Amino acid sequence: MTWGAWIREGGEVEPSIYAADFRRLGEQVDELLGAGCRIFHFDCGDGHFVPPVTIGPVVLRSIAPAIRAAGGILDCHLMVSDPAHHLEEFASSGAHSVTFHVEAAGDPAAVAEHARSHGLAVGLAFNPETQPDRAAEAARAAGAELVLCMSIHPGYSGQVFMPAALDRIAEVAHLVDVPVQVDGGVGESNAHAIREAGATILVAGSAVFGAPEPAAAYRRLAGS
Ligand code: DX5
Ligand code: ZN
């Protein structure tokens, strides 16, 4: 199963684990599963492609069994300079999908092939400085099943959505026939505009985990 089968009618909201309260991680994951959340976004930053080292396979392994047992999906956003190097470990740690950056992958088709050989679905991400047509072309070449349009400079949760992302979402959505995911600064105030622009998968870090009740915030964002 891959992205086509995972996305429910009306689209998806993916809570970004990076923004969780790690002291209460298991509890927060359970609350979100109970609220109907099925796809979780997992951000790995290597301190090179993006400034911070974020979270990696050790944390993934701690939550994957519970998420998988509930029928959930782990969507891993690789903000790393050498995505191919990490694929095997992400697969063995419980990932369903990896999304790597066009700016990092010298040969996106080869990285994608490598990912698929480990049973991973593939997404292709692009940064605010990268032209949507370059991302669309790389996504096609890689056979990516999802395109991730960054609406912030990747690295940290809690940044402000860049308004110029709306045109970039619309442009890339027009160029590809796979779902468009948006990551960075997504919340209740802009979710409607982001969906209108053509995105079907919204990543939300601080809008979910920064809320007093993450499960309620998830439900509001998901419109459920
Ligand atoms: C940071 C990550 C995002 C981040 C989103 O670059 O890729 O997934 O956790 O957090 P918010 O929704 O707070 O911008
Ligand atoms: Zn992300």
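Refer to the preceding data block for the structure.
Every value quoted in this text rests on a predicted model; they were computed, and no experiment measured them. Along each chain, the written sequence defines residue order, and numbers are assigned to residues from 1. Think of it this way: whatever chain is written first is A, whatever ligand is written first is 1, and the rest follow in order. Two thresholds apply to this predicted model, a pLDDT of at least 70 for residue-level local features and 80 or more for giving and counting side-chain atom pairs, whereas whole-chain, interface and lining totals are computed over all residues. Neither water nor hydrogens contribute to the side-chain values; these are computed over all heavy atoms in the structure.

Peer 1: Which parts of the structure should I look at to understand the coordination of the zinc ion (ligand 2)?
Peer 2: A four-donor tetrahedral metal ideally has 109.5 degree angles, and a six-donor octahedral metal ideally has angles of 90 or 180 degrees. Only H41 (NE2), D43 (OD), H77 (ND1) and D183 (OD) from the protein coordinate the zinc ion (ligand 2), and they sit 2.0 to 2.2 Å from it. Only nitrogen, oxygen and sulfur atoms qualify as donors, provided they sit within 2.8 Å of the metal or within 3.2 Å for Na, K and Ca; with water excluded from the atoms, sites may seem incomplete. The sequence motif formed by the donor residues of the zinc ion (ligand 2) is H-x1-D-x33-H-x105-D. Relative accessibility under 20% of the residue-type maximum defines a buried residue, over 50% an exposed one, and the middle range a partly exposed one, all with a 1.4 Å probe and only protein chains included. Overall, H41 belongs to the buried group, its relative accessible area being 1%. Residue class for D43 comes out buried when judged on its relative accessible area of 4%.

Peer 1: What's the story with helix α4 (residues 83-92) in this structure? I'm lost.
Peer 2: Note that an α-helix has 3.6 residues per turn; residues three or four places apart therefore point the same way. The helix count covers DSSP runs of H or I at least four residues long, the strand count covers runs of E at least two residues long, and both are numbered beginning at the N terminus. Turning to α4, its buried residues are P83, L87 and F90. Axial view of α4: buried residues confined to an arc of 85°, hence all on one face. Every exposed residue of α4 that faces more than 90 degrees away from the buried side is listed here: H85, E88 and S92. Contact between two residues is taken to exist if any of their heavy atoms lie within 4.5 Å; hydrogens are not considered. The inward-facing, buried residues of α4 abut β2 (39-45), α3 (57-69), β3 (73-79), β4 (97-101) and α5 (108-117). Phi turns positive one or two residues past the end of α4, at G94, with a value near 115°. This arc is built from the directions going out from the helix axis to the C-beta atoms.

Peer 1: How should the packing of helix α6 (residues 132-142) against helix α7 (residues 165-175) be read in this particular structure?
Peer 2: Each pair of packed helices can be described by the angle between their axes along with the distance between the axes. Structural elements are reduced to axes, namely lines fitted to C-alpha atoms, with helices fitted over the stretch in contact, and the angle between N-to-C directions of any two is expressed from 0 to 180 degrees. Packing of α6 against α7 leaves a shortest axis separation of 9 Å and a crossing angle of 35°. Note on packing geometry: the crossing formed by α6 with α7 is right-handed. Taken together, the residues of α7 that come into contact with α6 (itself represented by P132, D133, A136 and R140) are R168, E171, V172 and L175. Grouping the constituent residues of the contact of α6 with α7 by class yields four nonpolar, no polar and four charged. Handedness of a crossing is defined here by the sense of rotation of the near helix relative to the far one, left-handed for an anticlockwise turn of less than a right angle and right-handed for a clockwise turn. Gly is put with the polar residues, along with every residue not named as nonpolar or charged; the nonpolar set is Ala, Val, Leu, Ile, Met, Phe, Trp, Tyr, Cys and Pro, and the charged set is Asp, Glu, Lys and Arg.

Peer 1: What should I look at first to understand the pairing of strand β5 (residues 121-126) in this one?
Peer 2: Side-chain direction in a regular strand flips from residue to residue, so the side chains alternate between the two faces of the sheet. Among the six residues of β5, six are classified as buried, and the element is accordingly described as predominantly covered. The alternating pattern of β5 places A121, G123 and A125 and V122, L124 and F126 on opposite faces, both of which are buried. Paired strands, as defined in this entry, are two strands with at least two bridges between them according to DSSP. Two strands pair when backbone bridges link them, and β4 and β5 are joined in this way by five bridges, in the parallel orientation. Considered in β5, the bridge of T99 is made with G123.

Peer 1: Any chance you could explain the site of ligand 1 here in plain terms?
Peer 2: The environment of ligand 1 is formed by 19 residues, the closest being S16, G155, S157, D183 and S206. Pairs of N or O atoms are called polar contacts if they sit within 3.5 Å, as long as, within protein, a hydrogen donor faces a hydrogen acceptor (for residues adjacent in sequence, only side-chain-to-side-chain pairs). D43 places a side-chain nitrogen or oxygen 2.9 Å from an oxygen atom of ligand 1. The separation between an oxygen atom of ligand 1 and a polar main-chain atom of G185 is 2.8 Å. The method behind every accessible area is Shrake-Rupley, applied with a 1.4 Å probe, and residues are considered shielded solely by the protein chains displayed. In isolation ligand 1 offers 380 Å² of accessible surface; the protein chains occlude 100% of this area. Put simply, the grid is 1 Å and covers the protein atoms alone, a cavity is a trapped set of points that fit a 1.4 Å probe, a pocket is an open set with protein on both sides within 12 Å along at least five of seven lines, and lining residues have an atom within 4 Å of a point. Cavity and pocket membership follows a simple rule, namely that a molecule belongs there if more than half of its atoms are within 2 Å of the grid points. Most atoms of ligand 1, that is more than half of them, are within 2 Å of grid points of the largest pocket. By residue class, the composition of the shell around ligand 1 is seven nonpolar, ten polar and two charged. We call a residue near a molecule or strand as soon as one heavy atom of that residue lies within 4 Å of the molecule or strand.

Peer 1: Where do I start with the packing of helix α2 (residues 25-34) against helix α10 (residues 214-222) in this structure?
Peer 2: Their axes nearest at 9 Å, the elements α2 and α10 cross at an angle of 35°. The two elements α2 and α10 meet at a crossing, and its hand is right-handed. Side by side, α2 and α10 meet where Q28, E31 and L32 of the first sit next to P214, A215 and Y218 of the second. Grouping the constituent residues of the contact of α2 with α10 by class yields four nonpolar, one polar and one charged.

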